[in-house]
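# Understanding the architecture of this molecule
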Amino acid sequence: MINFIIGFLSIVSTYGVYLLSKKVHQKWDFTFTFPVILSTVIIILILLVMRIPYEIYMIGGKWINELLGVAVVALAYPLYQQRENLKKLALPIISGTLIGAAVGVSTGTLFAKVMGFEDILIHSLSPKSVTAPVAMSVADTVGGLPTLAVVFVMIAGFGGVFLKPIIYKVCRINHVVGKGVGIGSASHAIGTASALESSLLEGSVSTIAMVVSAVVVSLITPGLVNVLL
Amino acid sequence: MLKLSKILLHIIFLYCIYLLGNWIVEIFNLIIPGSVLGMIILFVLLLTNVIKVTWIEEGTKFVVDNLAFFFIPATVGIINYFDLFVGKGMFLILIVLFSTTLVIITSGLTSQWIMCRKERKHD
């Protein structure tokens, strides 16, 4: 019974903090006010101040975790909405995304290996280019830690959005399809949100790239990591 | 209230597809996560009109719009790994940024190159 109350409280307060963060982000649109970052910081502060161990918070948190699978299945909907663009631009989008997925997994894995990091860290870093719920599940499959995987996913997401203008300029990526595929393959949902701010088409292309990349990365990561390590 | 129960019903439906994906992955011993297979199954069912998009629209839209909420408990887990990013661990951040840059360049240039060739052919 006590577990039920703790679980219920942690779910309700997580949702409350999330709604509050969303409101704050609507008002002040900065990187650090992104709902996921702000909510995480607030909840960590609450846990630290009230001396609640993570394991206790997770009595409720694990029920939210359980819904991550649902979140991934739901991504079929934006892909379905973009089906016309997918049909029209299948070749350029899918080729670019395939190459980006392979480059992302292999360079991340190789650099971390060369620098002498432990396997558990490398395995958590490998799937960083895809959306968090998929990266967590891939990290888990190859022997990494889902929690760390999410942290690397966030760095790839915000880092990509931050570096994107310079990269586009230096490498002369100026076609809307090139831009959308680049940011969707590298920075998943966070990149897609920024692509949507540029244009509707760039956002649509980024959505397709992000979903296709999620499928490709989950298929190639176990094999690639095996070969490279 | 009606909208809330609709959303809940749709989420239960998505959960069933997720379980179906997991089940297929287990039976055939596949490497793909059950959730990703579930997404592919739902996409195919929508394309072939077996499932009408209106049957799942509200709940699915709610989940996609609030994607960040679902991984907050996982990111809070960083609380147990704070010491990882001091010292040598800082390089992990640089590795991710460098690798991300390479992904944007290679994938972006590949699609752009194919697009430009396609557009030239049409002229």
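As the structure is a prediction and not an experimental result, all values here were calculated from the model. Position numbers for residues start from 1 in each chain and track the written sequence from start to end. As a convention, the first chain written is A and the first ligand written is 1, with the rest following in written order. Local features are withheld for residues below a pLDDT of 70 in this predicted model, meaning they are given only at 70 or higher, and side-chain atom pairs are given and counted only at 80 or more; totals for whole chains, interfaces and linings count all residues. Heavy atoms throughout the structure, all of them, feed into the side-chain values; hydrogens and water do not.

## Describing the confidence of the model for chain B
All names here are of chain B. For clarity, the cut-off: Every residue is assigned a pLDDT by the predictor, reflecting its confidence on a scale from 0 to 100. Secondary structure counts use DSSP, requiring at least four H or I residues in a row for a helix and at least two E residues in a row for a strand, with both numbered from the N terminus.
Per-chain confidence: chain B averages 91 in pLDDT, with 99% of residues scoring 70 or above. The secondary-structure element of chain B with the lowest mean pLDDT is helix α4 (residues 67-70), recorded at 87, while helix α2 (residues 34-47) shows the highest, at 95. Scored as a whole, the predicted complex attains pTM 0.88, and scored at its interfaces, ipTM 0.91.

## What about the packing of aromatic side chains?
Test applied: We call Phe, Tyr and Trp rings a pair once their centres come within 6.5 Å, taking the six-membered ring for Trp, and we label the pair stacked below 30 degrees between planes, edge-to-face above 60, and tilted otherwise. Per-residue accessibility, obtained with a 1.4 Å probe over protein chains only, is compared with the maximum for each type, and a residue is labelled buried under 20%, exposed over 50%, and partly exposed between these values. Look at NZ for Lys and CZ for Arg. If either is within 6 Å of the ring centre and within 35 degrees of the ring normal, a charge sits over the ring.
Applying the stated criterion across every chain, the model contains ten aromatic pairs over all chains. Ring geometry for Tyr-15 of chain A and Phe-69 of chain B: centres 5.1 Å apart, planes at 85°, overall edge-to-face. Of this pair, Tyr-15 of chain A sits in helix α1 (residues 2-27) while Phe-69 of chain B is found in helix α4, placing the two residues in two different chains. Look at Tyr-15 of chain A and you get partly exposed, because its relative accessible area is 30%. Relative to Phe-85 of chain B, the ring of Phe-152 of chain A lies with its centre 6.0 Å away and its plane at 65°, an arrangement referred to as edge-to-face. In this pair, Phe-152 of chain A sits in helix α10 (residues 146-170) while Phe-85 of chain B sits in the loop between α5 (72-76) and α6 (90-122), so the two residues belong to two different chains. Given the relative accessible area of 0%, Phe-152 of chain A is considered buried. The exposure class of Phe-85 of chain B is buried, given its relative accessible area of 15%. Among the aromatic residues, ring-to-ring pairing joins Tyr-15 and Tyr-18 of chain A together with Phe-69 and Phe-70 of chain B into one connected group. Sitting over the ring of Tyr-80 of chain A, Arg-83 of chain A keeps its end group 4.0 Å from the ring centre. Positioned above the aromatic ring of Trp-113 of chain B, the side-chain terminus of Arg-117 of chain B is 5.0 Å from the ring centre.

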